[in-house]
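Notes for the structure review
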Amino acid sequence: MSTASATTPAGNARRLIATATLVPLLAALALWAFAWPAARTAPRDLPLGIAGPAAATAQVERQLAAHEGAFEIHHYADEAAARDAIEDRTVYGAVVVTAEGPELLTASAASPVVAQLLQQAVAAPAAADGTQVRTVDVVAAPAKDPRGAALNAGVLPLALAGIAAGAVVTSVGLRGTRAVAALAGASALVGAAAAGIMDTWLGVVTGDWWAEAGVFGLATLAVSGTVAGLAACLGTAGIGVASGVIMLLGNPFSGAPSAPQMLPEPVGAIGQWLPPGASATLLRSVAYFDGAAASGPALTLAWWAALGLAAVLLGNALRARAKSTEPAAERELVPAG
């Protein structure tokens, strides 16, 4: 009866209306998630250093204050301290006031977009006043990827690989420890392959090879574990839920093309708590900054991976418990004699 009713004209009409409504809603959600942050890209409390005597840096601070809410100012005694802060990923750049004139320190490896923005905010106004500002790229992006396009493009494939791994492990029926082992093994292989392509072949990441492979692998495991874990607890609907969060929120909110502080609030912060954003930040730290400021994003990815794998084991245990109680319940329903 249910099959027949599902094929009636009324049932077909309901499915048509549901499809016609759902597809535009999903399209609108995707456009909002990707287009809105991109259209509102601008600095918001972007960490920036100022170095030099207070009397000499006052004019620079007034100039930067004109960009209301754009910069979070950090003060340093001299150029050496400002350089250390950039290399530690405390700030994206610094303005150093010297006897020879102002100097702008940038780090295109942290974000080519931010490095260009700082030149426009600092060097361009000074040049209009007849003051030449020397720009020094303290931590430069690799010559083979000066705009960071290749590194940014690597975030989406890692998310897709994680989603695919989690979906495949679920669809082939792997459960419990076998599923955990398969997810870990697949993620390790993805990490090695990604490092081979991005470092050995393309040369767009230039840090320690094994550390980079570990980042790629951990990023994949964080996603695949989440997908498989939700599927183990919620059924196949869990794959859709996890994939939607990663693709519709994680990727556009990652800040990989620019910086988290360039996205509308609280999008930038949310993105750093999701695997794609944490992956991009961690990869930059490992590939270009010798691991500086890597602990935060590494812990974020580790938590996602751990919780996802724990959900895989939990779902298997709940399923096994449900199956073990079914025969007992059936025996109680069978009449004696």
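In this report, the structure presented in the accompanying data block is examined.

Re the packing of helix 7 (residues 155-171) against helix 8 (residues 176-201)
- The interhelical angle for the contact between helix 7 and helix 8, taken along N-to-C directions, is 155°, at an axis separation of 10 Å. Compared by their axis directions, helix 7 and helix 8 come out roughly antiparallel. Crossing angle aside, the handedness with which helix 7 passes helix 8 is right-handed. On the side of helix 7, the interface is formed by Leu-158, Ala-161, Ala-165, Gly-166 and Val-169, while helix 8 contributes Ala-179, Ala-182, Leu-183 and Val-190.

Section: the pattern of salt bridges
- For the coordinates displayed, the defined rule picks out 2 salt bridges.
- Between Arg-83 and Glu-79 there is a salt bridge, with the nearest N and O atoms lying 3.0 Å from each other. Taken as a pair, Arg-83 and Glu-79 lie in helix 4 (residues 79-87) at a separation of 4 residues, close to a single helical turn.
- Note that Arg-134 is salt-bridged to Glu-103, the shortest N-O span being 2.1 Å. Placement of Arg-134 in strand 5 (residues 134-137) and of Glu-103 in strand 4 (residues 101-106) is noted, with a sequence separation of 31 residues between them.

Description of helix 12 (residues 275-288)
- For helix 12, with 14 residues, the first-to-last C-alpha span of 20 Å sits near the 20 Å given by 1.5 Å per residue.
- Across the 14 residues of helix 12, 14 count as buried, placing the element largely inside the fold.
- Looking one or two residues beyond helix 12, the residue adopting positive phi is Asp-290, at roughly 55°.

Side note on unusual backbone geometry
- Residue Pro-266 is reached from Glu-265 by a cis peptide bond, and omega for that bond is 0°.
- Within the secondary structure, Pro-266 is located in the loop between helix 10 (237-250) and helix 11 (267-272).
- With a phi angle near 50°, Asp-45 is a residue other than glycine that sits in the positive phi range.
- The exposure class assigned to Asp-45 is partly exposed, which follows from its relative accessible area of 38%.
- Here the phi dihedral of Asp-290 falls at roughly 55°; this positive angle occurs in a residue that is not glycine.
- Tracing the backbone through its elements, the reader meets Asp-290 in the loop between helix 12 and helix 13 (295-333).

Remarks on the nonpolar core
- Residues Phe-71, Leu-105, Leu-118, Tyr-288 and Phe-289 are the most contacted members of the largest nonpolar core, which totals 58 residues.
- Looking at this core, the element that brings in the most residues is helix 5 (residues 112-128), giving 7 residues.
- In this structure Leu-105 touches Glu-79, Ala-82, Arg-83, Ile-86, Gly-93, Ala-94, Val-96, Val-136 and Val-138, once residues within four positions along its chain are discounted.
- If you look at the next biggest cluster of nonpolar residues, it comprises 9 residues, including Val-169, Leu-221, Ala-228 and Ala-305.

Here's the deal with the packing of aromatic side chains
- On inspection of all chains with the given rule, the structure shows 3 aromatic pairs.
- Centroid distance Trp-32 to Trp-36: 5.7 Å. Interplanar angle 10°. Geometry classified as stacked. Residue Trp-32 and its partner Trp-36 are both found in helix 2 (residues 9-39); the two are separated by 4 residues, about one turn of the helix.
- According to the relative accessible area criterion, Trp-32 is partly exposed, its value standing at 39%.
- Ring geometry for Trp-32 versus Phe-253: centroids 6.0 Å apart, planes at 80°, classification edge-to-face. One end of the pair, Trp-32, is in helix 2; the other, Phe-253, is in the loop between helix 10 and helix 11, and 221 residues separate them in sequence.
- Since its relative accessible area comes to 4%, Phe-253 is described here as buried.
- Taken together, Trp-32, Trp-36 and Phe-253 form an aromatic cluster joined through their ring pairs.

Definitions and limits used
Residues numbered from 1 in each chain as written. Predicted model: local features only at pLDDT ≥ 70, side-chain atom pairs only at ≥ 80, totals over all residues. Heavy atoms only, no water. Axes fitted to C-alpha atoms, helices over the stretch in contact; angles between N-to-C directions. Helix = DSSP H or I, 4+ residues; strand = E, 2+ residues; numbered from the N terminus. Parallel < 35°, antiparallel > 145°, perpendicular 65-115°, else oblique. Left-handed = near helix turned anticlockwise from the far one by under 90°. Contact = heavy atoms within 4.5 Å. Salt bridge = Lys/Arg side-chain N within 4 Å of Asp/Glu carboxyl O. Expected span 1.5 Å × (residues − 1). Buried < 20%, exposed > 50% of the residue type's maximum accessible area, 1.4 Å probe, protein only. Core = buried A, V, L, I, M, F, W, Y, C linked by side-chain atoms within 4.5 Å. Phe/Tyr/Trp six-rings, centres within 6.5 Å; stacked < 30°, edge-to-face > 60°.

Shape is all these values report; function is a separate question.
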